[in-house]
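Descriptive structure summary
The residues making up each chain are set out below.
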Amino acid sequence: MLGGLLASTGLILGSFATSLKHLYLTLGVLTGLGFALSYSPAIAMVGKYFSRRKALAYGIAMSGSGIGTFILAPVVQLLIEQFSWRGALLILGGFVLNLCVCGALMRPITLKEYQTSREPNHVCRTQKQDFKRTSPCSTWTKEWVQTCLCCSLQQEYSFLLMSDFVVLAISVLFMAYGCSPLFVYLVPYALSVGVSHQQAAFLMSILGVIDIVGNITFGWLTDRRCLKNYQYVCYLFAVGLDGLCYLCLPMLQSLPLLVPFSCTFGYFDGAYVTLIPVVTAEIVGTTSLSSALGVVYFLHAVPYLVSPPISGWLVDTTGSYTAAFLLCGFSMIFSSVLLGFARLVKKMKKPPPRIPAQESDAKRQLWTNGSVAYSVASELDQKDRESVAMAVPGYNPT
């Protein structure tokens, strides 16, 4: 709700801007911060509400951004033509206020996992309040508050020390580096190989629509019983296939070849975007999912800023798009291979399952007296055997 308020304020203030610096502050800082505050909690709430068909729920939720882009692009253009850009920003500011309504509809729910993890914090808060009543002006109170705050932050972000999450974070950096330049350079590349302006724009429309289809259908597919336990592998598969599409792109120099490329890349781009929250939840759990997604999407955004300029520099230096596309493809493939290798190493390090002891094992004997089960080692001395025989009728010490 706070994010919706900030985003709306930025758009409304932007409509009164008189210089580019004002737009940097309003549209860039205020609206950007508002959308950031709205996006991560909205995605994290899906994981708290749904458990059986989580991937499908994520797919439907995340397809909203693609649907909105597809629908609002011509609508915003129409608003600009009718009311100028200032009027369009003002109308969009009022429209974005609906995020506050969406936030109000997210009813908090309590999970057993959440209750278990929050018990230490509840005890800490109770002790802190009691301590404040006894000595409200004491310096010990401040130290206790700082200690509780540090403990809470340490517990909330403890996933940063998990080796699986560190590997995921590194792979996200490489994956994000590879996926963003295509949306910037697909149209210029198509124009460079002789495709018309309308046909090049049509490629981007195909990419956007199929991306929405991938969001929903791949989430539905990975929720099937046969793939439910292999969502991690499906994520690796989708990222790797997008990388392979990049490697093939320099050889595609006509519209009939670029259309299947746009369909394939768009589908698997929507596929792995859907599974990012699922894979993150599998590693950190639902309790810290909101914080973990914030870190993941922050790392996802950093290469988005860096990779298009690097790709542009490669295009200017080499005179072609081949080097830029190959670098993006290998980056995504490395991201997939890195996660797959880490999962393989983790499985190899797992200790073998323990073989249950046989009933004839002399080291352990089990019997039941009512609802209580007793376990006695065979190395008991004779005195202990006699005491057990007196306590349990019918027991033969031999």
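Before reading further, recall that the structure is shown in the block above.
Residues numbered from 1 in each chain as written. Predicted model: local features only at pLDDT ≥ 70, side-chain atom pairs only at ≥ 80, totals over all residues. Heavy atoms only, no water.

**Description of the packing of aromatic side chains**
What counts, and what does not: Working definition: a ring pair exists when centres of Phe, Tyr or Trp rings (six-membered ring for Trp) sit within 6.5 Å. Plane angles under 30 degrees give stacked, over 60 give edge-to-face, the rest tilted. A run of DSSP states H or I qualifies as a helix once it reaches four residues; a run of E qualifies as a strand once it reaches two. Both are numbered from the N-terminal end. Exposed residues in this analysis have more than 50% of their type's maximum accessible area, buried residues have under 20%, and partly exposed residues fall in between, with area computed by a 1.4 Å probe over protein chains only. A ring has a charge above it when a Lys NZ or an Arg CZ is no more than 6 Å from the ring centre and no more than 35 degrees off the ring normal.
By the definition in use, this model includes 13 aromatic pairs. An angle of 85° between the planes, with centres 5.3 Å apart, marks the rings of Tyr189 and Phe325 as edge-to-face. Pair noted here: Tyr189 is in helix H8 (residues 181-192) and Phe325 is in helix H13 (residues 322-349), with a separation of 136 residues, a long-range link. This pair shows no difference in class: Tyr189 is buried, exactly as Phe325 is. When the ring of Tyr321 is compared with that of Phe325, the centres are 5.9 Å apart and the planes differ by 20°; the resulting orientation is stacked. Neither Tyr321 nor Phe325 differs from the other in exposure class; each is buried. The structure contains a cluster of three or more aromatic residues connected by ring pairs, namely Tyr185, Tyr189, Tyr246, Phe261, Phe265, Tyr321 and Phe325. A cation over a ring is seen here: Arg343 above Tyr232, with NZ or CZ 3.7 Å from the ring centre.

**Quick notes on the pattern of salt bridges**
A side chain of one charge can pair with a side chain of the opposite charge when the charged atoms of the two come close. Applied cut-off: Definition used for salt bridges: Asp or Glu carboxyl oxygen within 4 Å of a side-chain nitrogen of Lys or Arg.
With the rule as written, the count across this model stands at two salt bridges. Residues Lys346 and Asp164 are paired through a salt bridge, measuring 2.6 Å at the closest nitrogen-oxygen approach. Of this pair, Lys346 sits in helix H13 while Asp164 sits in helix H7 (residues 163-179), placing them 182 residues apart in sequence. Of the charged contacts in the structure, one is a salt bridge between Glu282 and Arg343, with a shortest N-O distance of 3.2 Å. Of this pair, Glu282 sits in helix H11 (residues 255-284) while Arg343 sits in helix H13, and the two are 61 residues apart along the sequence. Of the residues examined, Arg343 reaches a relative accessible area of 25% and is grouped as partly exposed.

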